[in-house]
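# A look at the structure
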Amino acid sequence: RAFILFLLSFTGVCFAQGWKELRTGIEQQVFVLPQDSGSKLEVNVVRINPAKYAVRVVDTYGTLTRQHVQYPVYTIGQIAPIIKPLVMINGGFASSYTLPIPAGLLVDNNRVVTRLNTLSKTQSGVLCIKGSSVRILRKEQYVKEDCVSALQAGPLLLDAPGKLGISQAERAKKFRRSFVATDGKGNLIMGVTNEASLHDLAKFLAKAEPTGIQATAVLNLSGDIESALYVKTDSKEIIFGMIDVPVASTIAILAK
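Rules of the game
Residues numbered from 1 in each chain as written. Predicted model: local features only at pLDDT ≥ 70, side-chain atom pairs only at ≥ 80, totals over all residues. Heavy atoms only, no water. Helix = DSSP H or I, 4+ residues; strand = E, 2+ residues; numbered from the N terminus. Contact = heavy atoms within 4.5 Å. Areas by Shrake-Rupley, 256 points an atom, 1.4 Å probe, with all protein chains shown as cover. Lys, Arg positive; Asp, Glu negative; His and termini not counted. Charge placed at Lys NZ, Arg CZ, Asp CG, Glu CD. 1 Å grid on protein atoms, 1.4 Å probe; cavity = no way out; pocket = protein on both sides within 12 Å on 5 of 7 lines; lining within 4 Å. Points joined across faces, edges and corners; volume = space filled by probe spheres on them. Core = buried A, V, L, I, M, F, W, Y, C linked by side-chain atoms within 4.5 Å. Buried < 20%, exposed > 50% of the residue type's maximum accessible area, 1.4 Å probe, protein only. Polar contact = N/O pair within 3.5 Å; in protein donor to acceptor, adjacent residues only side chain to side chain. Pairing = 2+ DSSP bridges. Axes fitted to C-alpha atoms, helices over the stretch in contact; angles between N-to-C directions. pLDDT = per-residue confidence, 0-100. Phe/Tyr/Trp six-rings, centres within 6.5 Å; stacked < 30°, edge-to-face > 60°.

### Examining the overall build of the chain
Counting secondary structure elements, the chain contains three helices and 20 strands. Referenced to the eigenvectors of the C-alpha coordinate spread, the extents of the chain come out at roughly 50 × 45 × 35 Å. Put simply, of all contacts in the chain between residues at least 6 apart along the chain, 64% involve residues at least 24 apart. For the chain, the accessible surface area stands at approximately 11800 Å², while carbon and sulfur atoms represent 53% of it. If the 29 positive side-chain charges of the chain are averaged to one point and the 20 negative ones to another, these points end up 2 Å apart.

Written out as structure tokens, the structure reads:
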């Protein structure tokens, strides 16, 4: 039976539970930090060592179609039993609400599903994966041959090596967020939040531990109701957010 954890509120100045090892090379932590507005920023984070696991961008529509799934709804909940991820998060934006076709670049295991959206100002970054190398690039830096899997999304919250990419004007726009990040130790980080501004989230992600994760590059994902983080341990499933919402793509951590 799935063990479902929802975003929680805590009292006090700052809550950070410390990293909990779920399996070798995969750790989880929850942060709750007060904001100037009086609200709390709640961030559920999973940190992965990509040297120990396979990282893959998954074309939701294409995968379910090739598997001849009857009545596909294109959700994390539907694709997880097929892919069998250890960790999975929603990916990039969709071009349609009825059929989740990617709105930007999507490369799944060298198969180009959709090409780079060069006109989008929002989709300013690309997650590039090749073996144990996981990088977050500006879209202008993308080279097809350098990436076995790739995902375009945005905006870039932090541009390597940790430069803030979001203005304070974004503080007024609050939605549930999801993101993928890298740090200076080569880790891949995935996370989802409560309703938060991109500016506040970026500032948190740039901070050093224990009140941040000291990310060097961060890419905002599709977010809002699509924000969902799925984790499979040896004994249970941990779910942050809703996994029954259609998504155009996902980022999956798989056993090698």
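### Comments concerning the layout of surface pockets
Quantified by volume, the largest pocket comes out at close to 470 Å³. Along the wall of the largest pocket there are 23 residues; nearest its centre are F93, Y97, S222, G223 and E226. Counting residues per element, the lining of the largest pocket draws most heavily on strand β15 (residues 175-183), which supplies three residues.

### Section: the nonpolar core
Judged by nonpolar contacts, the single largest core of 31 residues is most densely connected at I26, V87, L127, M190, L229, I251 and I253. For L229, the residues in contact, after removing those within four places along its chain, are N44, V46, V87, M88, I89, M190, G191, V192, I238, I239 and F240. Counting 20 residues, the second-largest nonpolar core is a separate cluster that includes V43, F179, I189 and A215.

### A look at the side chain of N90
With respect to the helices and strands, N90 occurs in strand β7 (residues 87-90). N90 gets classed as buried once you look at its relative accessible area, which sits at 0%. Within the structure, the side chain of N90 is placed 2.8 Å from the side chain of S178, a separation counted as a polar contact. At 2.8 Å, the side chain of N90 and the side chain of S222 are in polar contact.

### Details of the sheet that holds strand β12 (residues 149-153)
Backbone-to-backbone hydrogen bonds pair the strands of a sheet. The strands run either parallel or antiparallel. Spatial ordering of the open sheet is given by β9-β8-β12-β10-β11, a layout of five strands whose pairing is antiparallel. Edge positions in the sheet fall to β9 (111-114) and β11 (133-138), since each has one partner strand and no second. The average undirected angle you get between the axes of adjacent strands in this sheet is 20°. Alignment of strand β8 (residues 106-108) against β9, held across three bridges, turns out to be antiparallel. Note on β9: the bridge partner recorded for D108 is R111.

### Topic: the pairing of strand β10 (residues 125-130)
Consecutive residues of a regular strand have side chains that alternate between opposite faces of the sheet. Among the six residues that make up β10, five are buried, leaving the element largely enclosed by the rest of the structure. Pairing geometry for β10 and β11, over six bridges, is antiparallel. Opposite G125, over in β11, you have R138 as the bridge partner. Here β10 folds back onto β11 in antiparallel fashion, the turn holding two residues, of which G131 has a positive phi close to 65°.

### What to know about the confidence of the model for the chain
Confidence in the prediction for the chain averages 90 pLDDT; 92% of positions are at 70 or higher. Low confidence marks residues 1-12, where pLDDT is under 50. Its contacts with residues over four positions away, or in another chain, come to 25 contacts.

### Some remarks on the packing of aromatic side chains
Within this structure, the stated rule accounts for three aromatic pairs. Ring geometry for F31 versus F204: centroids 5.0 Å apart, planes at 65°, classification edge-to-face. Placement of the pair is F31 in strand β4 (residues 26-34) and F204 in helix α3 (residues 198-206), with a sequence separation of 173 residues. Relative accessible area serves as the criterion here: at 3%, F204 is assigned to the buried category.

### Focus on α3
Most of α3 sits out of view: seven of its nine residues are buried. Along α3, the residues classified as buried are L198, H199, D200, L201, A202, F204 and L205.

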